[in-house]
Amino acid sequence: MDFRILGSLQASADGVTVPLGGVIKRRLAAYLLLNADRVVPTHKLLDVLWPEETPRTARKMIGNAVRGLRLDLAHGAPETRAVLLTRAPGYQLRVDPDAVDLFRFRRTVERARAEAGAGAHAAAARTLREALGLWRGAALADLAEDGLKWPELDGLESERLDALENYFEAGLAIGNHHELLGELQTAVAEDPLRERLSGQLMLALYRCGRQTEALSVFRRIRGELVEQYGLEPSRELQRLERDILEHAPDLDMPSAAPTEPVTVEHQRASEQARVPSLVGQQAARRPDVSGAPLMSRVLSRMAPDGRHDHGVVPALVEDGGRQGTGHRAGHRRGRVSVVLVWVRHDLPDGHDLDGVQQAMAEIEALMRQECARNGGIVGSATAPMYSAVFGADSPRRDDATRAVRTAFAVRDWLDFSRLRGGASSARLHVAVGTGDACLAYLSAHHGVPSVTGDPVDRCFRLLAMAPEGQVRVCEATRRATEPDISYHLGPEPPDGWEAVRSRPAAFHGLQTEDAFLGTG
């Protein structure tokens, strides 16, 4: 049998899900899995199963749950079965460590630690990404949703964050600061007082040439530490701030740093697979995100020659006869607007998975339709993440407005779909960012640019914090679109402006305005 606790509790035998029944039996199975191969005393089970008030029939209820769990464990081939034994003064669950995702995670992290210790940082980064990919959400998220608060769960979250920080450390050691920036910003937004994460974000920003933003991260965490706890940041973080102010050579990339990218996408089939988020998995700050996107996948692709290009990688779409500008290779700067759409699904037992796939297909088709209508370029879809770029090839004065209108179409699709009885489980987060970006034209992309820079970073920050079902935009987008778009007023940080609707006058001339800027 196979057991998964890094997310909602799941058990399967020969690829078939094994239901674990009611709350008491699921809690019993979860706690025994956390303590696999150890004897758990009955009095400890009483405490963890009924943390507030133990019913008079509690021991009998444990006995019933044990009998039911033994029946569940009888599924699958005999050589792969877990065994629940009665061992004084309680019970012991004997299970193959390879059958539990938690133990596979720990073993993989240990392998990465050895690789990093040997200086193989690229290998360590890949190994840690493999380990973090085992997480489907907060550990035992379904039980935590019911108010379960075991100290062991806090310990597991700490293990995940340690692995995440080690992953960032390995990536920074091989020069992947651009690729990691979006994930780092999201991680820091979720754990703003975790100093090592903030230091890694500061270093990544500095190496990306964004010294002011790196220093603002330090000012933010110092202010919060002083205000909440009366503490100054650690010596390490203070030293990093001084080094940034002084442009210390130690902060630069080592000249011998490997250039091997962290993420390798081998085949088209693997591009279609959903990859769990490495960062958005704390139950206290965000709902269970089983199957949530690894955001950087939308913005990171592998060219056939093995080089990594970071940014939104659009796919060619029809746009009223418009095509790319003929760029074959090289880079240029330009002002663009980027739309990012993150789709989450609540998937209770028995949910219609075919309906989920249908919903994702409809969203992708809608993105392509709206990009064609509004003059944008749809990004390569890696469900459940979708992207679009406006102004990459033939900039228009109202590119930002066109981007927001595309975002409205996605938001309104969800309301319409629910009215007709579909997509009831979908949860949308939509963000629009505008700003100067680097447009990289690679021959492998047939003249279609990848996009890196402020608008992408702003979208990441908005997606990490914006409420579901709303279109959130950065300040630059709001200023560019205010004559055409109505907004709910409010300060931009940290959640951005909520775009509400198009103003009536905005519809006139939107489809006929000619490009007014060159693309060189």
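It should be noted that the structure appears before, not after, this text.
The structure displayed is predicted, hence computed values, not measured ones.

Asks: Please set out helix H11 (residues 235–245) residue by residue, giving values where relevant.
Replies: For H11, the set of buried residues is Leu237, Leu240, Asp243 and Ile244. Angular distribution of buried residues about the axis of H11 spans 115°; they occupy a single face of the element. Where H11 is buried, its residues touch helix H9 (195–207) and helix H10 (211–229). Within two residues after H11, His247 carries a phi angle of roughly 50°, on the positive side.

Asks: How would you explain the environment of Arg222 if you had to name every residue and give the values?
Replies: Assignment of secondary structure puts Arg222 in helix H10. Judged by its relative accessible area of 34%, Arg222 is partly exposed. Residues Arg222 and Glu232, ten residues apart in the sequence, show an inter-C-alpha distance of 6.3 Å. When sequence neighbours within four positions are dropped, the list of residues in contact with Arg222 reads Glu232 and Pro233.

Asks: So what's going on with the pattern of salt bridges? Which residues, and what values?
Replies: With the rule as written, the count across this model stands at 25 salt bridges. For Glu130, the salt bridge is made with Arg111, and the minimal N-O distance between the two is 3.2 Å. Remark: Arg111 occurs in helix H4 (residues 101–117) and Glu130 occurs in helix H5 (residues 121–132); sequence separation between them is 19 residues. Under the relative-accessibility criterion, Arg111 is labelled partly exposed at 38%. Its salt-bridge partner being Arg478, residue Glu482 comes within 2.9 Å of it at the nearest N-O pair. Its relative accessible area of 11% is what places Arg478 among the buried residues. Put simply, Asp162, Glu165, Glu169, Arg194 and Arg196 are held in one network by salt bridges that share partners.

Asks: If you had to explain the nonpolar core to someone new, which residues and values would you point to?
Replies: Residues Phe3, Ile5, Leu140 and Trp150 are the most contacted members of the largest nonpolar core, which totals 82 residues. If one sorts the elements of this core by residue count, helix H7 (residues 151–173) sits on top with eight residues. Of all hydrophobic cores here, the second largest spans 29 residues; its members include Val341, Phe390, Val404 and Val471.

Asks: I'd love a proper account of unusual backbone geometry, names of residues and values included.
Replies: Only a minority of non-glycine residues have a phi that is not negative, and only a minority of peptide bonds are not trans. A cis amide bond links Ala88 with the next residue in sequence, Pro89, at an omega value of 10°. Look at Leu140: it is not a glycine, yet its phi comes out positive at around 50°. Tracing the sequence through the fold places Leu140 in the loop between H5 and helix H6 (141–145).

Asks: An account of the sheet that holds strand S3 (residues 16–17) is requested, with residue identities and associated values reported.
Replies: Two pairing modes exist for strands in a sheet, parallel and antiparallel, and in both the strands are linked by backbone hydrogen bonds. With antiparallel pairing, the three strands of this open sheet are ordered in space as S1-S2-S3. Whereas interior strands pair on both sides, the edge strands pair on one side only; in this sheet they are strand S1 (2–4) and S3. Note: S1 against strand S2 (residues 10–13), three bridges, orientation antiparallel. Bridge pairing in S2 places Arg4 opposite Gln10.

Asks: Can you lay out the packing of helix H8 (residues 177–190) against H9 for me, pointing to particular residues and giving the numbers?
Replies: Between H8 and H9, whose axes approach to 9 Å, the crossing angle comes to 145°. Here the hand of the crossing between H8 and H9 comes out left-handed. Across from His177, Leu181, Leu184, Gln185, Ala187 and Val188 in H8, the residues of H9 making contact are Leu197, Ser198, Gln200, Leu201, Ala204, Leu205 and Arg207. Counted by class, the contact of H8 with H9 contains eight nonpolar, four polar and one charged residues.

Asks: Please give an account of the sheet that holds strand S6 (residues 90–94) that cites residues and values.
Replies: With antiparallel pairing, the three strands of this open sheet are ordered in space as S4-S6-S5. Sheet topology places strand S4 (39–41) and strand S5 (83–87) at the edges, where each strand pairs with a single neighbour. The average angle at which neighbouring strand axes cross in this sheet is 30°, direction not considered. As paired elements, S5 and S6 share five bridges and run antiparallel to each other. Residue pairing for S6: Arg87 is matched across the bridge by Gly90. Here helix H1 (residues 23–34) sits on the sheet and contacts S4, S5 and S6; the angle it forms with S6, its principal contact strand, is near 70°. Relative to S5, helix H3 (residues 58–73) is tilted by about 145°, and along the sheet it contacts S5 and S6.

Conventions used here
- Residues numbered from 1 in each chain as written.
- Predicted model: local features only at pLDDT ≥ 70, side-chain atom pairs only at ≥ 80, totals over all residues.
- Heavy atoms only, no water.
- Buried < 20%, exposed > 50% of the residue type's maximum accessible area, 1.4 Å probe, protein only.
- Helix = DSSP H or I, 4+ residues; strand = E, 2+ residues; numbered from the N terminus.
- Arc of directions from axis to C-beta.
- Contact = heavy atoms within 4.5 Å.
- Salt bridge = Lys/Arg side-chain N within 4 Å of Asp/Glu carboxyl O.
- Core = buried A, V, L, I, M, F, W, Y, C linked by side-chain atoms within 4.5 Å.
- Pairing = 2+ DSSP bridges.
- Axes fitted to C-alpha atoms, helices over the stretch in contact; angles between N-to-C directions.
- Left-handed = near helix turned anticlockwise from the far one by under 90°.
- Nonpolar A, V, L, I, M, F, W, Y, C, P; charged D, E, K, R; others polar.

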